[in-house]
Amino acid sequence: MPVVGEKKKKQSNNKSYMYEPIYGLSKAFLECAKDILNEGRVDIFSNAKLACLQKNTNDSLKRFFIEESADRDSMTAEQYDDHMLMMEQLYENDRDLLLEYTPMATVNPLIGTTLPLHKNLLMNNVFTQTNAIPKAVAASPKWTESMEYRYLVTPDGEEIDFYTQQHLMTKAVDATAPYKEIELKLPEYGETDMLDAIGASSIDNLSVDTIVSAVAVPVTEVADGQEEAKIDGVDGTYIWMPVNIKFGPTYGENERAMVGNIRPALTIKNLKVDGDIQDDMIQGTMNKNKITVVGLKGMVKAVKIRTRKDTSNAMLPTCSVKWKEITDLFEMPNAIPINVPISPEEIKDYAALYNINQLTKIMSMIKIVLENYKDDHILEFLDNSYDRLDPSQTNFLQIDWAPRHNYALDHVEWRHKVSFDAIDTFATKLVNILNDPNVTTTFFGRPDLIRKITPTEYSYESPKNIGPVTLEFQKAVHTTDNRTYQFISSQKFEKKYDSNLANQLICILSPKNTDRIIYKEYDYQMYVGNEIRNAVNYALPAVHSFERWMMTEYQPVQGRIEILNPTGIIEKPAVNVNIIEKP
């Protein structure tokens, strides 16, 4: 008997992989592959290049990659259109890479798994799929990115950014014709050269908003907060009493005149009263840049004149505005690949790849590694960015979830009442850094913190899955007063940090409907194939995979919130533990 025994087909027990998150997408992709085989007569696993070259089969692959790749309910129509354009470009990038690495005569079954693996990885990235960090797709490995900057330019050439330095703009404009205070001893009959005193020339004039801003009145002693007036040739103690007496238009030869009643007894307790003189009256005129001021009762010994150059003659160097684009050249870095040698005994023929569990196993293991790698590096990028940011571009807050001493209600009520009010104030400061309210504020953290910190009612909550893809993060959005908050939880934050940092929330801003760039992630290509062998064990075939992407920042702004006593229960609560801002 030359043949003995019975040929049996071994079936690996892969039932456990049916419950992998990627199982649904693997099954959907297998159905797509079967449709392509039945209708286009092309086996994508054995001839992926031909499947990408034929129009009908290529369109089927593109639809599989693009459709059901985002939660449409969480996007505006414009955002969804942009997403579809980016997914289409990503498909073209992956297709180009697939065609480049697949010789016509080479049978390369694993390369066909690139599309479903890339789609799943894109949809489960915590930072970019949630729209927390804007993303774009690079059509080539090198490209330029331009960002518009707007400036107020002072007369001396200083450029003030419209957004990050908005608080300096008014001061810069006023500096064109600054106010100056000139002290005049009474009586003043126009002997003081006012133009020279404010640094003006003979072609200038005094502004019509010239006023008497302070008068010198006698006191027994100078109290705290009072400014002492030093008057040449006048004995006694005097202070400057603020007033606002305007020079108004008048008839006759004088251009402007003023009359003011001074009653310091109403506001100054230590007023030195000489006889019955408890008030005074001053009169004055302003004519041809000469000022005359006299005190009728003699109590007021000096005045301060607040004035500036007249700007109506257009003789002053003024501020201007300008915009410019700053263009940077970017180059997509090379990816670090994953390469796994496999023996022929592991995969005996291509039919094994049609088994759902086999396909799920290969894709699931590679997907977990690449997905974790990408999220870890984006988180590391955000951490490094936060560490090197100037304090003016960051915000830090500590919130103690343990109730203060003698708080009447329980720690759950305390947490809800304190946390969100503190977060709202915290986010307001971050938004003020950019001076641009048109942003979405996103908080990242481990699930337990996010679940406890978010409001009990949501205007939006993400689905558990999108099509056949099971999502590995949860997202909730709360909108009030035209402000949008996102709370994104993922187990990844719990595992990546030590025990202290695990109780922190990361807060970043994302611009809405603008071209501003705070943080941005660029996707380019992903590849899975078996034509590249392992550098050490090159005798065996190998599964080779990588994804190319990069992170950038232009105007980074970031905040961190540390939760103290996250359980809310401590043995000895402090007397006044509340919201603690880190200096």
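Worth saying up front: this structure is predicted, and the values here are computed from it rather than measured. (Residues numbered from 1 in each chain as written. Predicted model: local features only at pLDDT ≥ 70, side-chain atom pairs only at ≥ 80, totals over all residues. Heavy atoms only, no water.)

A. The arrangement of the overall build of the protein in detail. The secondary structure content of the protein amounts to 11 helices and 27 strands. Considering the protein as a whole, with its 583 residues, one finds that 48% of them fall into the buried category. Within the protein, contacts between residues at least 6 apart in sequence are counted, and of these 75% link residues at least 24 apart. A total of about 30400 Å² of accessible surface is found on the protein, and carbon and sulfur atoms cover 50% of it. (Helix = DSSP H or I, 4+ residues; strand = E, 2+ residues; numbered from the N terminus. Buried < 20%, exposed > 50% of the residue type's maximum accessible area, 1.4 Å probe, protein only. Contact = heavy atoms within 4.5 Å. Areas by Shrake-Rupley, 256 points an atom, 1.4 Å probe, with all protein chains shown as cover.)

B. Molecular detail of unusual backbone geometry. The residue after Leu186, namely Pro187, is reached through a cis peptide bond having omega -5°. With respect to the helices, strands and loops of the structure, Pro187 is situated in the loop between strand S4 (180-185) and strand S5 (188-189). Phi is positive for Asn289, which is not a glycine, with a value near 65°. The residue Asn289 is located in the loop between strand S11 (280-287) and strand S12 (290-295) in this model. For Asn289, a relative accessible area of 16% puts it in the buried group.

C. Representation of the pattern of salt bridges within the structure. A complete count under the given rule lists 17 salt bridges for this structure. In this structure, Arg446 engages Asp448 in a salt bridge whose closest nitrogen and oxygen atoms are separated by 3.9 Å. On the basis of relative accessible area, Arg446 is assigned to the buried category, the value being 11%. Via salt bridges that share partners, Lys374, Glu521, Asp523 and Glu547 belong to a single interconnected network. (Salt bridge = Lys/Arg side-chain N within 4 Å of Asp/Glu carboxyl O.)

D. Region of interest: the pairing of strand S2 (residues 142-153). As judged from the 12 bridges shared by S2 and strand S14 (residues 320-331), these two strands associate in the antiparallel manner. Each residue of the ladder has a partner; that of Glu145, found in S14, is Asp328. Here three bridges tie S2 to strand S3 (residues 159-161), and the two strands are oriented antiparallel to one another. For Tyr151, the partnering residue across the bridge sits in S3 and is Asp161. With antiparallel pairing between neighbouring strands as the criterion, S2 and S3 make up a hairpin whose turn holds five residues, including Gly157 at a positive phi of roughly 95°. (Pairing = 2+ DSSP bridges.)

E. Broad picture of the sheet that holds S11. Overall, antiparallel pairing links the five strands, which are arranged S5-S12-S11-S10-S9 in an open sheet. Lying at the two open borders of the sheet, with one neighbouring strand each, are S5 and strand S9 (248-249). Pairing analysis gives two bridges linking S5 to S12, with the strands arranged antiparallel. Across the sheet, the residue bridging to Glu188 is Val293, located in S12.

F. Region of interest: the packing of aromatic side chains. A complete count under the given rule lists nine aromatic pairs for this structure. An angle of 80° between the planes, with centres 6.3 Å apart, marks the rings of Phe381 and Tyr519 as edge-to-face. One end of the pair, Phe381, is in helix H8 (residues 356-388); the other, Tyr519, is in strand S24 (residues 519-529), with 138 residues separating them in the sequence. Relative to Phe487, the ring of Tyr485 lies with its centre 6.4 Å away and its plane at 45°, an arrangement referred to as tilted. Take Tyr485: its relative accessible area is 0%, and that puts it in the buried class. Judged by relative accessible area, Phe487 falls into the buried class, the value being 2%. Three or more aromatic residues joined by ring pairs make a cluster, and in this case those are Phe426, Phe443, Tyr485 and Phe487. One residue, Arg388, lies across the ring of Phe381, its end atom 5.9 Å from the ring centre. Directly above the aromatic system of Trp401 lies the positively charged group of Arg415, at a separation of 5.5 Å from the ring centroid. (Phe/Tyr/Trp six-rings, centres within 6.5 Å; stacked < 30°, edge-to-face > 60°. Lys NZ or Arg CZ within 6 Å of the ring centre and 35° of its normal.)

G. Local environment of the nonpolar core. If you look at the biggest cluster of nonpolar residues, it comprises 46 residues, and the most contacted ones within it are Phe127, Ile399, Phe444, Tyr519 and Ile561. Of all the elements, helix H9 (residues 411-434) adds the most residues to this core, at 11 residues. In this structure Phe127 touches Ala132, Ile133, Asp375, Ile378, Leu379, Leu382, Phe444 and Phe493, once residues within four positions along its chain are discounted. Of all hydrophobic cores here, the second largest spans 29 residues; its members include Val215, Val219, Ile239 and Met258. (Core = buried A, V, L, I, M, F, W, Y, C linked by side-chain atoms within 4.5 Å.)

H. Layout of the environment of Glu145. In this structure, Glu145 sits in strand S2. Judged by its relative accessible area of 15%, Glu145 is buried. Spatially, the C-alpha atoms of Glu145 and Leu329 are 6.6 Å apart, while their sequence positions differ by 184 residues. For Glu145, the side chain forms a polar contact with the side chain of Tyr522, separated by 2.4 Å. (Polar contact = N/O pair within 3.5 Å; in protein donor to acceptor, adjacent residues only side chain to side chain.)

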